[in-house]
Amino acid sequence: MTSAYDIVVIGNALVDVIASADDAFLAENALHKGSMRLIDTGEATRLYASMGPGREVSGGSGSNAAVGMASLGRRVNFIGRVSSDQLGEVFAHDIRASGVDFTTPYAADDTPTGRCLILVTPDAQRTMNTFLGTSAMLSAADVDYDLIAASPLTYLEGYLWDAAEPRAAMAKACEVAHANGRRVSFTLSDVFCVERHRADFLRLAHGDVDILFANENELKSLYETDDFDAAVAAQRGACEVSVITRSEKGAIVLTKDAAITVPAEPAARVVDTTGAGDLFAGGFLAGFSEGRALGDCAVMGAVAAAEVISHIGARPETDLAALVAKRLG
């Protein structure tokens, strides 16, 4: 079966509203710097009203990664749920304009499109407050499983694991992909996701997915240890490839037989860390889908992450393919 796509991504379809804030604003609103939390409609309305001037850009972890993949020349289809409201139209336009195919039908009900209210402090840390809206209602009926069956690689985000319907839709995607000899990649997404779904994520990390992404804190949370080396030892060989990012310390790529350490790429400046992990995953998987060596895949991820933290917003603003070509030749 021949696919029109190199990679299919399933994730939350959100519009980010990004505003600058100081530590006092975070304290006044009982917000923990650098965290991500889910909020309801009332809290989304209250917080949005108290934020400073914001910039609206399409986001969502998986869709950010998809845009990175497309910037690196991969053929990508993103599956996510939006409504036919103003923000839904913004999301659909932006992701298509970025070179990603988006063919998921608009939601039939009137649940609003999801949005993430992101506060960026002067130290470039981002504090995310997410109203999932209709994105959390993604179901198997929204997913084109023929795309999954035909595509060499499917990428899933842990942020979407909370509700039963999207969880079942992604579980089915894993089954369909593996039944057709395809690979599945999964990101743990955030420590709070790990804490809520540790048993499921451990099962995924030990054979239900082929390529796992986690940052250092997520991996330690997964194995309930403060010892990073112990967490690495527990994960090594658990699936085909495990990719552990460590911010300025770079990343480690684990297989059964090797541990490849790759340094972080220097960034011109650090403005906003939103999307760094997403773009790392996008860059890595773009390289993986081309058949590149794992170390080079990690370099591609590091290049993409360095670009996205150099400006406001979680989507690349520079041609990633040109940056990778300069770095790897």
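For the structure itself, consult the block above.
What counts and how
- Residues numbered from 1 in each chain as written.
- Predicted model: local features only at pLDDT ≥ 70, side-chain atom pairs only at ≥ 80, totals over all residues.
- Heavy atoms only, no water.
- Helix = DSSP H or I, 4+ residues; strand = E, 2+ residues; numbered from the N terminus.
- Buried < 20%, exposed > 50% of the residue type's maximum accessible area, 1.4 Å probe, protein only.
- Pairing = 2+ DSSP bridges.
- Axes fitted to C-alpha atoms, helices over the stretch in contact; angles between N-to-C directions.
- Contact = heavy atoms within 4.5 Å.
- Arc of directions from axis to C-beta.
- Polar contact = N/O pair within 3.5 Å; in protein donor to acceptor, adjacent residues only side chain to side chain.

**A short note on unusual backbone geometry**
Right, so step 1: Of note, A124 is a non-glycine position whose phi angle comes to about 75°, a positive value.
Right, so step 2: Within the secondary structure layout, A124 lies in the loop between strand 7 (114-120) and strand 8 (126-131).
Right, so step 3: Looking at A124, the relative accessible area reads 1%, which means it is buried.
Right, so step 4: At S189, a position not held by glycine, the phi torsion is positive, near 75°.
Right, so step 5: Along the chain, S189 falls in the loop between strand 10 (183-187) and helix 7 (191-196).
Right, so step 6: By relative accessible area, S189 is classed as buried at 11%.

**Looking at the sheet that holds strand 4 (residues 55-59)**
Right, so step 1: Here 5 strands make up an open sheet; going across it, the order is 3-8-7-2-4 and the pairing mixed. Both edges of this open sheet fall to strand 3 (36-38) and strand 4, since each of them pairs with a single strand only. Taking each pair of neighbouring strands and ignoring which way they run, the sheet shows an average axis angle of 25°.
Right, so step 2: Against the sheet, helix 4 (residues 86-97) makes contact with strand 2 (14-20), strand 4 and strand 7, and its axis sits at roughly 60° relative to strand 4, the strand it touches most.

**Focus on helix 3 (residues 61-71)**
Right, so step 1: Judged by how many residues are buried, helix 3 sits mostly within the fold: 10 of 11 residues are covered.
Right, so step 2: S61, G62, S63, N64, A65, A66, V67, G68, M69 and A70 are the residues of helix 3 that are buried.

**Quick notes on helix 2 (residues 41-50)**
Right, so step 1: Listed as buried for helix 2 are E43, A44 and L47. Along the axis of helix 2, the buried positions cluster into a sector of 100°, meaning they face one direction only. Turned more than 90 degrees off the buried face of helix 2, the exposed positions are T45 and A49.
Right, so step 2: Elements that come into contact with the buried residues of helix 2 comprise helix 1 (23-28), strand 3, strand 7 and strand 8.
Right, so step 3: The residue sitting at the N-terminus of helix 2 and contributing the capping side-chain oxygen is D40; that oxygen lies 3.3 Å from the backbone nitrogen of G42.

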